[in-house]
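For reference, the chains in residue letters:
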Amino acid sequence: MHIGEKGAQAAPGFDDPLGLLAACHERIEGHCATLVRLKAHVRAHGGDRDAQLAAERVWAYFAQAGRWHHEDEEHDLAPLLEREGDGALAAAMARLMAEHRDLERTYAPLERILRALPATPTDLPIEPYVSRMRAHMEAENTVILPRARALLGAPEIAALGRAMAVRRGVTPPAP
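Before going into details, it helps to say that this report is about the structure given with it. Given the structure is predicted, the values throughout are model-derived calculations rather than measurements. (Residues numbered from 1 in each chain as written. Predicted model: local features only at pLDDT ≥ 70, side-chain atom pairs only at ≥ 80, totals over all residues. Heavy atoms only, no water.)

## Focus on the nonpolar core
Counted only if it meets this: Among buried residues, those of type Ala, Val, Leu, Ile, Met, Phe, Trp, Tyr and Cys that are joined through side-chain atoms within 4.5 Å constitute a nonpolar core. The buried label goes to any residue with under 20% of its type's maximum accessible area, the exposed label to any with over 50%, and the partly exposed label to all in between, with areas taken from a 1.4 Å probe on protein chains only. For the purposes of this entry, the term helix denotes a DSSP run of H or I that reaches at least four residues, the term strand denotes a run of E that reaches at least two, and both are numbered from the N terminus.
Counting 25 residues, the largest nonpolar core has Ile28, Leu35, Leu38, Leu114 and Tyr129 as its most contacted members. Elements with a minimum of two residues in this core: helix 1 (17–45), helix 2 (49–63), helix 4 (87–116) and helix 5 (129–151). By size, the runner-up hydrophobic cluster in this structure holds 23 residues, among which are Leu18, Leu20, Leu80 and Met93.

So, in structure tokens, the structure goes:
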């Protein structure tokens, strides 16, 4: 049985950093779906090799790419949007950035279990993490990213893409 992510597609490049953030949300949703399937699988089969492989993929993604994603939003996107002077957008952004800490706290017990497979309980505590993550991404996809696309100009978009590339150790796109 394959418990992993389904339908992953190639992501946009650093020349489209907002598209890259949206694509990351799609991958995060794929990992949330994997967690739902993994929960059912562990109930039925325990921490077998399929469960271990799926847990490793989820953990690896959130351990690196998930952290980069939060840093992209907090250190690069949020400051760009704050400069726009839109109070409602700034408030939404501040709330969503604060949610990152809540998501990290909620994920911590799940992460410990994912890393410990096959020594696992008969159940995986995917909630409230999965539902909170999905609500968080929905808000970013419907509020933050559309406003960013409308407000940010080419220089800000290019700066965001360069910062995201550097964070990942990739040569940034030319200005």
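What follows picks up the thread again.
## Focus: the layout of surface pockets
What counts here: Points on a 1 Å grid, built from protein atoms alone, make a cavity when a 1.4 Å probe fits but cannot get out and make a pocket when they are open with protein on both sides within 12 Å along at least 5 of 7 lines; residues with an atom within 4 Å of a point are the lining residues. Grid points are joined across faces, edges and corners, and a volume is the space filled by probe spheres set on the points. Three classes are used: nonpolar for Ala, Val, Leu, Ile, Met, Phe, Trp, Tyr, Cys and Pro, charged for Asp, Glu, Lys and Arg, and polar for all others, with Gly counted as polar.
Approximately 250 Å³ is the volume attributed to the largest pocket. Lining the largest pocket are 14 residues; nearest its centre among them are Phe62, Gly66, Arg67, His70 and Glu104. Its residues assigned to classes, the lining of the largest pocket comprises 7 nonpolar, 3 polar and 4 charged.

## Considering the state of the cysteines
Working definition: the covalent bond between the sulfur atoms of two cysteines is a disulfide. To be explicit about the condition: The definition used for a disulfide is geometric: two cysteine sulfur atoms within 2.5 Å.
All chains considered together, the criterion is met by 0 disulfides. Not engaged in a disulfide, the cysteine Cys24 finds its nearest cysteine sulfur in Cys32; these two sulfurs lie 11 Å apart. A relative accessible area of 5% means that Cys24 is categorised as buried. Cys32 sits in the buried class, given a relative accessible area of 0%.

## A short note on the side chain of Glu74
What counts here: Throughout this description, a polar contact denotes any pair of N or O atoms lying within 3.5 Å of each other; where both atoms belong to protein, one of them has to be capable of donating a hydrogen while the other can accept it, and for residues adjacent in sequence the pair is counted only when both atoms sit in side chains. It only takes one pair of heavy atoms within 4.5 Å for two residues to be counted as in contact.
Along the chain, the position of Glu74 falls in helix 3 (residues 65–82). Here the side chain of Glu74 touches His100 through a polar contact of 2.6 Å, side chain to side chain. Residue contacts for Glu74: discarding those within four places in its chain leaves Pro79, Met97, His100 and Arg101.

## Brief notes about the environment of Lys39
Residue position: Lys39 is located in helix 1. Here Lys39 is in contact with Asp123, Leu124 and Ile126, once residues within four sequence places are set aside.

## Some details on the packing of aromatic side chains
This is how it is decided: Between rings of Phe, Tyr and Trp, where Trp is taken as its six-membered ring, a pair exists when centres lie within 6.5 Å; planes separated by under 30 degrees are stacked, by over 60 edge-to-face, and by other angles tilted.
Within the structure shown, the criterion is met by 4 aromatic pairs. Look at Phe62 and Tyr129: their rings are 5.8 Å apart centre to centre, the planes differ by 85 degrees, and that puts the pair in the edge-to-face class. Of this pair, Phe62 sits in helix 2 while Tyr129 sits in helix 5; the two residues are 67 residues apart in sequence, bridging distant segments of the chain. The pair formed by Phe62 and Tyr129 is uniform in burial state, with each residue classed as buried.

## Thoughts on the packing of helix 2 against helix 4
So the rule is basically this: A fitted line through C-alpha atoms serves as each axis, taken over the contacting stretch for helices, and the angle formed by two N-to-C directions is quoted from 0 to 180°. Roughly parallel means an angle under 35 degrees; roughly antiparallel, over 145; roughly perpendicular, 65 to 115; everything else is oblique. Crossing handedness is read from the near helix: turned anticlockwise from the far helix by less than a right angle, it gives a left-handed crossing, and turned clockwise, a right-handed one.
Between helix 2 and helix 4, the shortest axis-to-axis distance is 9 Å and the interhelical angle comes to 135 degrees. One element, helix 2, and the other, helix 4, form an angle in the oblique class. By crossing handedness, the relation of helix 2 to helix 4 is classed as left-handed. Seen from helix 2, the contacting residues are Ala55, Val58, Trp59 and Phe62; seen from helix 4, they are Tyr107, Glu111, Leu114 and Arg115. Of the residues in the contact of helix 2 with helix 4, the class split is 6 nonpolar, no polar and 2 charged.

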